[in-house]
Amino acid sequence: MTGKPLFVYGTLRDPDVLDALLGRTLAAHECVTAHAPGFQAVHYPHRVYPALIAASGGNAPGLLLHDLTAIELAILDAFEGDEYRRAIIPVLAPSGIVDADAYLPVITIPPDAAPWTLDNWTALHKLSVLDGERRTAQALRDRLSAARKPIS
């Protein structure tokens, strides 16, 4: 299991996407509602998914994922790709403020970028991208699992 929880604020909050990537459904204690005070989810430029940026007065909704395995985290890292880097941010969980990893954009996104919501993504894009996301998830799981198998 990895040490820090992971805060997700975008399409990884969608159970179909998250389950496809991890190859399992997280238990209730592994996935809790949280917020990132001082941050907001905005549209990543020229993409249908979001970026998390610092924003005075912001309070980005998300989920705090606990007890991910090293391979699950590697799958999520590969899924997020080169457009994001993992960084530690403060997150408000039911237990209080905790330090959590979050995927932040590697590019600078202006503070006036359009807000992004999961509801809007679900209504406009989910059906058109979900099959591709599932195929990507399976390919990532296969590649990363094969890389970790011992050679006989």
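As a reminder, the structure under discussion sits directly above these lines.
Residues numbered from 1 in each chain as written. Predicted model: local features only at pLDDT ≥ 70, side-chain atom pairs only at ≥ 80, totals over all residues. Heavy atoms only, no water.

Residue His 46 is not a glycine yet carries a positive backbone phi of 65 degrees. Inspection of the secondary structure assignment puts His 46 in the loop between strand 2 (31-43) and strand 3 (50-65). What makes His 46 exposed here is its relative accessible area of 79%. (Helix = DSSP H or I, 4+ residues; strand = E, 2+ residues; numbered from the N terminus. Buried < 20%, exposed > 50% of the residue type's maximum accessible area, 1.4 Å probe, protein only.)

Let us now look at helix 1 (residues 15-22). Of the positions making up helix 1, those classed as buried are Val 17, Leu 18, Ala 20, Leu 21 and Leu 22. Packing partners of the buried residues in helix 1 comprise strand 3, helix 2 (70-80) and helix 3 (118-148). Looking one or two residues beyond helix 1, the residue adopting positive phi is Gly 23, at roughly 75 degrees. (Contact = heavy atoms within 4.5 Å.)

Right, let's get into the pattern of salt bridges. Tallied over the full model, the rule gives eight salt bridges. The residue Asp 16 makes a salt bridge to Lys 126 at a minimum N-O spacing of 2.6 Å. Within this pair, whereas Asp 16 is found in helix 1, its partner Lys 126 is found in helix 3, the two being separated by 110 residues in sequence. With a relative accessible area of 31%, Asp 16 lands in the partly exposed category. Look at Lys 126 and you get buried, because its relative accessible area is 13%. Where Arg 86 meets Asp 77, a salt bridge forms, and the shortest distance between an N and an O atom there is 2.7 Å. (Salt bridge = Lys/Arg side-chain N within 4 Å of Asp/Glu carboxyl O.)

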